[in-house]
Amino acid sequence: MAQGLRLVLIGPPGAGKGTQAQLLREHVDLAHISSGDLFRHHLRQGTPLGLRAKEYMNRGELVPDEVTIDIILGKVMSIPDDDGFILDGFPRNRNQAQELDKKLTAESRNLDKVVHIDVSEPALLRRLGGRYICRACQSPHAIGLGEDASARTCDQCGGELYQRDDDAPAAVKKRIQVYNDETMPVLGFYRKRGVLVEVPGDDTIAEVNKQIMAAVDVPTARKL
Ligand code: AP5
Ligand code: MG
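Bear in mind the structure is a predicted one, so any value in this text is a computation, not a measurement.

Visitor: Even after reading the chapter, I still don't get the pattern of salt bridges, so can you show me in this structure?
Guide: Side-chain pairs of opposite charge can arise whenever the charged atoms involved come near each other. Counting across every chain of the model gives 16 salt bridges. K210 is the salt-bridge partner of E207, the closest N and O atoms lying 3.5 Å from each other. Highlighted residues: E207 and K210, both in helix α8 (residues 205–216), separated by three residues, approximately one helical turn. The exposed category is assigned to K210, whose relative accessible area is 55%. What you see here is one network of salt bridges that share partners, running through R131, R164, D166, D167 and R175.

Visitor: Is there a simple way to explain the packing of helix α2 (residues 35–45) against helix α3 (residues 48–59) in this structure?
Guide: Each pair of packed helices can be summarised by the angle the axes make with each other and by the distance between the axes. Between α2 and α3, the least distance of the axes is 7 Å, while the angle of their chain directions is 120 degrees. Between α2 and α3, the angle is such that the two are oblique. With respect to the hand of their crossing, α2 and α3 are arranged in left-handed fashion. Residues G36, F39, R40, H42 and L43 of α2 form the contact with α3, whose own contacting residues are L49, G50, A53, K54 and M57. Of the residues assigned to the contact of α2 with α3, the class counts are five nonpolar, three polar and two charged.

Conventions we followed
- Numbering of residues starts from 1 in each chain and follows the order in which that chain's sequence is written.
- As a convention, the first chain written is A and the first ligand written is 1, with the rest following in written order.
- Under the rules for a predicted model, residues below a pLDDT of 70 receive no local features and side-chain atom pairs below 80 are neither given nor counted, while totals for whole chains, interfaces and linings still include all residues.
- Each side-chain value is derived from all of the structure's non-hydrogen atoms; neither hydrogens nor water enter the calculation.
- What makes a salt bridge here is a side-chain nitrogen of Lys or Arg within 4 Å of a carboxyl oxygen of Asp or Glu, nothing more.
- Counting from the N terminus, the helices are DSSP H or I runs at least four residues long and the strands are E runs at least two residues long.
- Between buried and exposed lies partly exposed: a residue is buried under 20% and exposed over 50% of the maximum accessible area for its type, with that area taken using a 1.4 Å probe on protein chains only.
- Every angle, taken between N-to-C directions, lies between 0 and 180 degrees, and every axis is a line fitted to C-alpha atoms, over only the stretch in contact when it is a helix.
- Angles below 35 degrees are treated as roughly parallel, those above 145 as roughly antiparallel, those between 65 and 115 as roughly perpendicular, and all remaining angles as oblique.
- Crossing handedness is read from the near helix: turned anticlockwise from the far helix by less than a right angle, it gives a left-handed crossing, and turned clockwise, a right-handed one.
- Whether two residues are in contact is decided by their heavy atoms, any of which lying within 4.5 Å being enough.
- Gly counts as polar in this scheme, as do all residues outside two lists: the nonpolar Ala, Val, Leu, Ile, Met, Phe, Trp, Tyr, Cys and Pro, and the charged Asp, Glu, Lys and Arg.

Geometric descriptors of this kind do not, in isolation, establish any biological role.
In structure tokens:
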């Protein structure tokens with residue numbers, strides 16, 4: 001691909017950002033930058049960043065901007081100019097959106113689309129209650145009620161599946177509140193810039209994927 005798409009996926013906890021990023025990458029060659037996955041990686045390695053992030057993540061709060069912004073912007077700006085990316089979980093407040101905007105504008109690498117995946121709260125709670133993550137590649141999996149999670153391994157790489165600490169009910173409640181208070185205003189920021197697209201996310205994974213692909217014009221991007 002000569003020039004990649006620059007995308008942001010925004011949505012509440014459990015909206016399907018990670019799921020849809022992975023599906024998009026089956027069609028287009030884009031780097032996937034997930035701030036949550038990055039923090040969990042550091043946590044597993046026991047780095048100072050991971051330990052600092054853990055206290056906020058387990059409470060369902062945002063990791064402070066002074067920790068988050070530099071590390072994510074460093075990743076974004078290290079992607080070669082012509083390559084595309086999917087940002088998943090960043091930006092998550094106005095300050096993060098403004099800092100990202102400054103950096104990208106300075107290099108004339110503005111975002112192509114910001115996709116808002118909107119999902120109702122009952123569906124979010126249902127999904128997060130049954131969500132298991134691969135320890136190795138971090139792919140999310142849905143395990144149905146009554147299904148034996150210990151009998152399952154990762155569909156992508158065969159790795160061990162586990163439940164995230166911040167999927168405990170109190171942390172989920174807080175994460176949804178933080179999303180409503182801090183992340184929802186970011187939608188207005190991108191709406192004003194004309195790059196926001198709204199995708200209803202209560203439908204099946206395949207249907208939501210179809211809508212996102214149409215919204216970001218993936219077939220066109222593949223021809224580039
Ligand atoms: P992060 O890891 O980004 O978590 P989140 O935003 O709460 O979102 P999730 O990863 O829980 O959900 P998702 O939208 O990716 O859904 P998924 O595809 O897994 O952040 C975690 C924490 O890190 C934050 O709380 C914060 O502390 C910190 N952090 C991260 N970024 C930060 C930032 N920028 N600034 C400060 N702090 C930050 O799907 C969920 C489940 O539903 C899966 O089981 C999936 O299989 C299933 N599913 C998906 N789509 C569908 C569908 N359409 N129908 C049915 N099931 C579906
Ligand atoms: Mg995720």
